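Architecture at a glance
Residues per chain are reported as follows:
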Amino acid sequence: MRRAILRGMAALSIAAMASIPFAGSASAQSLLDKIKNGETIRIGFASEVPWAYPGENNEPLGFVNAMAIDLLRKLGTTKVEPVLTEWGSLIPGLQAGRFDIITGGMFILPERCRNVLFTNPIVTSPDGLIVQKGNPKGVHSYEDLRAKGLTFVTGAGWSTVAIAKKVGIADDKIMQVAGMAEIVQAVKTGRAAAGAGDIFVITNIANKDNSVELADPYTSSMPPAYAGLAFAPNEQATVDAFNAALKDYLGSDEMMNSVTKYGFTKAMVPSGTISAAEACKG
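Attention here is on the structure that accompanies the text. The residue numbers shown here count from 1 along each chain, following its written sequence. The model is predicted, so local features are restricted to residues of pLDDT at least 70 and side-chain atom pairs to those at 80 or more, both for listing and for counting; the totals for chains, interfaces and linings are taken over all residues. In computing side-chain properties, one takes all heavy atoms of the structure into account and sets aside hydrogens as well as water.

Quick look at the pairing of strand β10 (residues 174-177) now. Note on pairing: DSSP must find at least two bridges between two strands before they are called paired. Starting at the N terminus, helices and strands are each numbered in turn, a helix being any DSSP run of H or I of at least four residues and a strand any DSSP run of E of at least two. Sheet analysis places strand β9 (residues 152-155) next to β10, joined by four bridges and oriented parallel. Bridge pairing in β10 links G155 to V177. A clockwise path from the first strand over the helix to the second, with the strands pointing away from the viewer, defines a right-handed crossover. Remark: the β9/helix α7 (residues 159-167)/β10 crossover connection has right-handed handedness.

Joining through side-chain atoms within 4.5 Å is the link that ties buried Ala, Val, Leu, Ile, Met, Phe, Trp, Tyr and Cys residues into a set, and such a set is a nonpolar core. Burial here depends on accessible area, computed with a 1.4 Å probe over protein chains only, as a share of the maximum for the residue type. Under 20% is buried, over 50% is exposed, and the range in between is partly exposed. F63 and F264 are the most contacted members of the largest nonpolar core, which has 70 residues in total. Considering each element in turn, this core owes the most residues, eight residues, to helix α3 (residues 63-75). Once residues lying within four places of it in the same chain are set aside, the contact partners of F264 are F63, M67, I122, V123, F200, M255, M256, V259 and V269. Among the nonpolar cores identified, the runner-up in size contains 18 residues, and L150, I163, A196 and A215 belong to it. Working rule for contacts: check all heavy atoms of both residues, and any pair within 4.5 Å makes them a contact.

Looking now at the sheet that holds β10. The strands making up a sheet are joined through hydrogen bonds of the backbone, oriented either antiparallel or parallel. Spatially, β10-β9-β11-β8-β12 is the arrangement adopted by the five strands of the open sheet, whose pairing is mixed. Edge strands, defined here as strands with exactly one partner in the open sheet, are β10 and β12 (212-214). The average undirected angle you get between the axes of adjacent strands in this sheet is 30 degrees. Bridge analysis of strand β8 (residues 127-132) against β12 gives three bridges, and the strand direction is antiparallel. Considered in β12, the bridge of I130 is made with L214. Helix axes are fitted only over the stretch in contact, all axes being lines through C-alpha atoms; the angle between N-to-C directions runs from 0 to 180 degrees. The strands that α7 touches are β9, β10 and β11 (194-198); relative to β9, the one it contacts most, it runs at about 150 degrees. Here helix α8 (residues 180-188) sits on the sheet and contacts β8, β9, β10, β11 and β12; the angle it forms with β8, its principal contact strand, is near 40 degrees.

The next subject is the environment of P60. Examined against the element boundaries, P60 turns out to sit in strand β3 (residues 60-61). Once the C-alpha coordinates of P60 and S159 are considered, the two residues, 99 residues apart in sequence, prove to be 25 Å apart. Setting aside chain neighbours within four positions, we find P60 in contact with I43, F45, Y53, N65, I69, V80 and P82.

Relative to the helices and strands, L214 resides in strand β12. In the structure, L214 is positioned 17 residues away from G197 in sequence and 9.9 Å away in space, judged by C-alpha atoms. Apart from residues no more than four positions distant in its own chain, L214 is found in contact with L129, V131, I199, I202, T203 and A206.

Cis geometry marks the peptide bond from V49 to P50; its omega dihedral reads 5 degrees. Of the consecutive residues D216 and P217, the connecting peptide bond is found in the cis state with omega at 5 degrees. At N58, a position not held by glycine, the phi torsion is positive, near 70 degrees. Inspection of the secondary structure assignment puts N58 in the loop between β2 (53-54) and β3. Even without a glycine there, the phi angle at N135 is positive, about 45 degrees. Structurally, the position occupied by N135 is in the loop between β8 and α6 (142-148).

The structure is reproduced here in structure tokens:
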């Protein structure tokens, strides 16, 4: 009898242990479920005008935030919580669960695709170089920087680092800083001859700061660049839902009404035939 009781107790313990993982998985809620249930979704971005930035009351502004909010509404929620962080902290912040989506206009690159899931492209944007007023060093390309042995400044972890190295700019001539504010400061003070940036951002800066300008003419060394929204690697169902919503949204009147005020134009709408998988191949 005692042995029978012990066997019964052991069987109950095994059954209970076996049910724990199941209960845990059943209680886990995906991001897509949270969206469909109308819950608050945390969007993470760095301050990059006009892509994504905080307003006076910390409201999420910029054309990528506007797109993300439109798409979230289509999928089921109007509640967002903006989380402002530095550019270099976006992917680590997503991995740590500080926010649910990266909305900062992150370009889709092979090394990033190993750490996050991207939607299909939502933006394509040309690049440019920002230089001191009058362009005293005569910089019109990455090749000019290499040939003249000049210092190039860009953001740490940006795609422009790899481009500069591919062109042949020496490692000790590539200055990597936190973001666009530091890039502009390095150019203004002469610590760098030119700084990289997408055309939206540097045009916005040059229009407000008379001490810098865009290199013009400019010959780009960048291949076509595509940006998307980024999610945690276990959120494929959420990415699929966003991609489905993007098919009718991308380039629509609804979208353009949301983004035109930020300087976004139809020319920045990527071809619907370009997928995240293709962009991830570089």
